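Next come the chains, spelled out residue by residue.
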Amino acid sequence: MRKSIIAVAIGAALTVAACGDKEAAQTATEQAAEQTQQTTEQGAAAEFNQSNPFYAESSLPFQAPDFTKIEFAHYEPALLAGIEEHAKEIEAIAANSEPATFENTIVAMEKSGQLLGRVAAVFGNVAGSAGNDEFRALQVKMAPKFAAHSDNINLNADLFARVKTVYENRDQLEGEALRLVEDTYKGFVRAGAELSDDQQARIREINSEMSSVTTEFRNNLMNLVDENMVVVEDKAELAGLTESQIARLASTAESKDMPGKYVITVTNTTRQPILSSLENRELREKVWKASALRGSGNTATDNRPLVKKLAELRAEKAELLGYENWGAYVLERSMASAPEAAQSMLRDLVPAVVSNVKGEMVAIQDVINAEGGEFEVEPWDWAFYAEKVRAEKYAMDSNEVKQYFEFNRVVEDGVFYAMNQLFGISFEKRDDIPTYADDIVVYEVKDVDGESLGLFYGDWFTRDGKRGGAWMSSFVSQSHLMDTKPVILNNMNITKAADGEPTLLSFDEVSTMFHEMGHALHGMFSDVMYPSLAGTSVSRDYVEFPSTFQEDWTLNPKVLANMAKHHETGEQIPQELLDKVMAAKNFNMGYDTLEYIAAALLDLEYHTLTKEAAASIEDVNQFEEGALVRNGVDVDAVPPRYRSNFFAHVFAGGYSAGYYAYMWSEVLAADAFKYVQENGGLTLENGQAFRDAILSKGNSKDPMQQYIDFRGQKPTVDALLERRGLTAPKID
Ligand SMILES: [Zn+2]
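Cut-off values and rules
- Residues numbered from 1 in each chain as written.
- Predicted model: local features only at pLDDT ≥ 70, side-chain atom pairs only at ≥ 80, totals over all residues.
- Heavy atoms only, no water.
- Helix = DSSP H or I, 4+ residues; strand = E, 2+ residues; numbered from the N terminus.
- Buried < 20%, exposed > 50% of the residue type's maximum accessible area, 1.4 Å probe, protein only.
- Salt bridge = Lys/Arg side-chain N within 4 Å of Asp/Glu carboxyl O.
- Pairing = 2+ DSSP bridges.
- Expected span 1.5 Å × (residues − 1).
- Contact = heavy atoms within 4.5 Å.
- Phe/Tyr/Trp six-rings, centres within 6.5 Å; stacked < 30°, edge-to-face > 60°.
- Core = buried A, V, L, I, M, F, W, Y, C linked by side-chain atoms within 4.5 Å.
- Axes fitted to C-alpha atoms, helices over the stretch in contact; angles between N-to-C directions.
- Parallel < 35°, antiparallel > 145°, perpendicular 65-115°, else oblique.
- Left-handed = near helix turned anticlockwise from the far one by under 90°.
- Nonpolar A, V, L, I, M, F, W, Y, C, P; charged D, E, K, R; others polar.
- pLDDT = per-residue confidence, 0-100.
- Patch = residues over 30% accessible without salt bridge, like charges linked within 9 Å, V, L, I, M, F, W, Y side chains within 5 Å.
- Areas by Shrake-Rupley, 256 points an atom, 1.4 Å probe, with all protein chains shown as cover.
- Lys, Arg positive; Asp, Glu negative; His and termini not counted.
- Charge placed at Lys NZ, Arg CZ, Asp CG, Glu CD.

1. Some words on unusual backbone geometry
Leaving glycine aside, a negative phi is the common case for residues, and trans is the common case for peptide bonds. The phi angle at Gln63 is positive, at roughly 60°, despite the residue not being glycine. Examined against the element boundaries, Gln63 turns out to sit in the loop between helix 2 (28-35) and helix 3 (72-94). Note on Gln63: relative accessible area 24%, which makes it partly exposed. Backbone geometry places Asn588, a non-glycine residue, at a positive phi of 65°. Structurally, Asn588 is set in the loop between helix 21 (575-586) and helix 22 (589-606).

Here is the structure:
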């Protein structure tokens, strides 16, 4: 069941390896499904014939898509024909008169959906990287068809009966085949395949109710922005802002029919970027409260009943499916495997993080006192005074740093060089492979012995129609069963310099490029039999591990010596400047970490409730406060990054019981990276060990076992604290 491929087609927001703590947690699927009305289908599949480039496998090397032939008009008929073909294949598997076997059921399912996979991968990628309104309209149009298609598979009782037979006879299987059977079977069970008709009917009701409550929550978030905007009449109150910031606030006011005034709108985190510059303390307080109190009954739109309702519905669904709570259901297939493990990891961090926060608070209070301010730091003061501390102690000219990170040099002498030192691989340009935009570079990746591993597309530059951020995805995933080698893409949004000028990168951009290469190699080194277990098709709390691991080579002395040279003089980056980069990187890290873990723990508190406990929540605000206190993360000046009533990841998107995942992956990355540093660092031996245990395995083996195979033990949080500069608390 090529679930990931279908997801890619529906929306680029779901591309294989999502990166970063994105504000917009709503999935493209949900968005599309909601906006779409039933459309009538006019037999577009009938137009599908040999003239369509998706009709047959691409004849280009590695089955690379042939962009000299692909036109927008080809997508829709190919997608529809792909769904139709896949549905027929699944029907045939379900109706097979032979007794169910691993081969004729599970392997047959793995082999099905080739056409759909082929077109969906290209469509999803191009829509996300070079799309336009046409692409978006087609995504919206296709979303309900994809949803119905996957329901038809998941709820096919005959198919499930066969899968169950294979599952019950699984003692004949081992290794990857065994994991695939368990994974496939679990997928059906988790959708409710084992329940009675009545229970299934209730699950459908719950699903539909959950979907309308999350939609309402999400729509409310937009109303809340309007209801909580802060209107400023007197420009003098905006002291501290630049003229262009002020002009933006004026034009927002104009668009809201308040010409001559200034309107500050809140962004969807508790902290507000504008607070670092606003000098007027009363205005800061107003803005902060508009943000932090939104949805809690301070204005007409109130999200508290929705938070409670969702906690109840999720607990009920989990109980129906036989789980203790929603977190247990969601995390069953993650590396953490249970909410307790995620909670325990987060709680292990709390003492050191809180201690660092207190140190940061002292430095901030010192500035307040020195300026004669007779008040204690409040949440609306933090960013403003932290900025003063930063300017005083960690001043850095980021433009100066950029002079040492020229784009081509970072790619070739940085990222490719480091991967060559670690894995022995090399990147050879392939000018003969067509691409969907001019500025994409294609490389053939050669293994240490000269064998071809696959193709790598570097789509690093920003363009119209490309979504924000950075991510990795693929056109073809590795599989021995299908005899395919990986065709992988990395996307970033680097702004290209004017013609003839060098493109210079920020330190963050350099580190992001290493990060995405980490995902790319997870796809590239995949060495598995079955496509649905390949590469990055791992759980959310594991997928960011290989990528975050590679980030830290950015600061390896050998890599820096090769990469970080002044673009004009060729001179090495001075150590003094590097030290500043490091110090600035970890500045305010106590605050950043605490606000994150407070939100992650809050998420898990809601999703470890029984149905009865969720139903007995009297006041969401009080529940939140109690949850923070219980976990020791109730620092007044450092509220959670998201408070319950606008926690979109959890109550409007797909991250419920999963917000911890970013930190979990970083814990693994830091622990593994430190271990490598203590054992020789940038060597082929270390690279091979990492590749053997982790990068080659995809989801073919339990992730904790993969980790232990590499590391010899489970991870601890110590290295994470070091990575974030939180080991030596500034005060006790
Ligand atoms: Zn990532």
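2. Regarding the pattern of salt bridges
Scanning the entire structure with this criterion turns up 44 salt bridges. A salt bridge links Asp226 to Lys256, with the nearest nitrogen and oxygen atoms 2.8 Å apart. Here the residue Asp226 occupies a position in helix 9 (residues 197-227), and Lys256 occupies one in the loop between helix 10 (243-255) and strand 2 (262-264), the gap between them amounting to 30 residues. On the basis of relative accessible area, Asp226 is assigned to the partly exposed category, the value being 41%. Note that Glu233 and Lys261 form a salt bridge whose closest N and O atoms lie 3.5 Å from each other. Of this pair, Glu233 sits in the loop between strand 1 (230-232) and helix 10 while Lys261 sits in the loop between helix 10 and strand 2, placing them 28 residues apart in sequence. A residue is classified by how much of its surface remains accessible, and Glu233, at 54% relative accessible area, is exposed.

3. Observations regarding the pairing of strand 4 (residues 441-446)
Within a regular strand, the side chains alternate between the two sheet faces. Across the six residues that make up strand 4, a large majority, five, are buried. Strand direction decides the pairing type here: strand 3 (residues 426-429) and strand 4, joined by four bridges, are antiparallel. For Phe427, the partnering residue across the bridge sits in strand 4 and is Val445. By the bridge criterion, six bridges tie strand 4 to strand 5 (residues 452-461) in an arrangement that is antiparallel. The residue bridging Val442 from the neighbouring strand is Tyr457, located in strand 5. Turn length for the strand 4-strand 5 hairpin, with the two strands adjacent in sequence and antiparallel, is five residues, and the turn residue Gly450 shows positive phi of about 90°.

4. A closer look at helix 12 (residues 304-320)
Across its 17 residues, helix 12 extends 25 Å between first and last C-alpha, which sits within 8% of the 24 Å expected from 1.5 Å per residue. Within helix 12, burial applies to Leu306, Val307, Leu310, Ala311, Leu313, Arg314, Ala315, Glu316, Lys317 and Ala318. On its buried face, helix 12 is in contact with helix 9, helix 13 (326-331), helix 22, helix 23 (611-615), helix 24 (620-630) and helix 25 (648-651). Downstream of helix 12 by one or two residues, Gly322 has phi in the positive range, about 95°.

5. Quick word on the packing of aromatic side chains
This structure, assessed with the given rule, holds 53 aromatic pairs. Note on Tyr606 and Phe623: the rings are 4.7 Å apart at their centroids and 40° apart in plane angle, and the pair reads as tilted. Separated by 17 residues along the polypeptide, Tyr606 in helix 22 and Phe623 in helix 24 bring together distant segments of the chain. Taking the relative accessible area as the measure of exposure, Tyr606 reaches 1% and is therefore buried. Taking 5.5 Å as the distance between ring centres and 10° as the angle between the ring planes, the aromatic pair formed by Tyr655 and Tyr662 counts as stacked. In this pair, the class of Tyr655 matches that of Tyr662, namely buried.

6. Regarding the nonpolar core
In terms of nonpolar packing, the biggest core is built from 149 residues, with Phe405, Met419, Phe456, Trp460, Met513, Phe545 and Tyr660 touching the most fellow members. When near neighbours in sequence (up to four residues on either side) are disregarded, Phe545 contacts Ser665, Leu668, Ala669, Ala672, Phe690, Ile694 and Tyr707. Within the second largest apolar cluster, 35 residues are counted, among which are Tyr75, Ala120, Met142 and Ala437.

7. Quick look at the sheet that holds strand 5
Spatially, the five strands line up as an open sheet ordered 3-4-5-7-6, and their pairing is mixed. With one partner strand each, in any of the chains shown, strand 3 and strand 6 (471-476) form the two edges of the open sheet. On average, each strand axis in the sheet is tilted by 30° relative to the strand beside it, whichever way the strands run. Here helix 17 (residues 407-423) sits on the sheet in contact with strand 3, strand 4, strand 5 and strand 7 (487-494), set at roughly 150° to strand 5. Helix 18 (residues 507-524) contacts strand 3, strand 4, strand 5, strand 6 and strand 7 of the sheet and is inclined by roughly 165° relative to strand 7.

8. Thoughts on the packing of helix 27 (residues 684-695) against helix 28 (residues 703-711)
The angle between the axes and the distance between the axes are what describe a pair of packed helices. The interhelical angle for the contact between helix 27 and helix 28, taken along N-to-C directions, is 155°, at an axis separation of 8 Å. Considering the angle they form, helix 27 stands roughly antiparallel to helix 28. The element helix 27 and its partner helix 28 pack so that their crossing is right-handed. Residues Asn686, Ala689, Phe690, Ala693 and Ile694 of helix 27 form the contact with helix 28, whose participating residues are Gln706, Asp709 and Phe710. Its residues placed into classes, the contact of helix 27 with helix 28 shows five nonpolar, two polar and one charged.

9. Section: the confidence of the model for the protein chain
Summarising the model, the protein chain shows a mean pLDDT of 92, and 93% of its residues fall at 70 or more. Below pLDDT 50 for its whole length, residues 8-16 participates in 36 contacts with residues either more than four positions away or in separate chains.

10. What about a negative patch on the surface?
A cluster of acidic side chains, namely Glu376, Glu378, Glu625, Asp634 and Asp636, defines a negative patch on the protein surface. Among the structural elements, Glu376 can be located in the loop between helix 14 (339-370) and helix 15 (379-393). We classify Glu376 as exposed; its relative accessible area is 63%.

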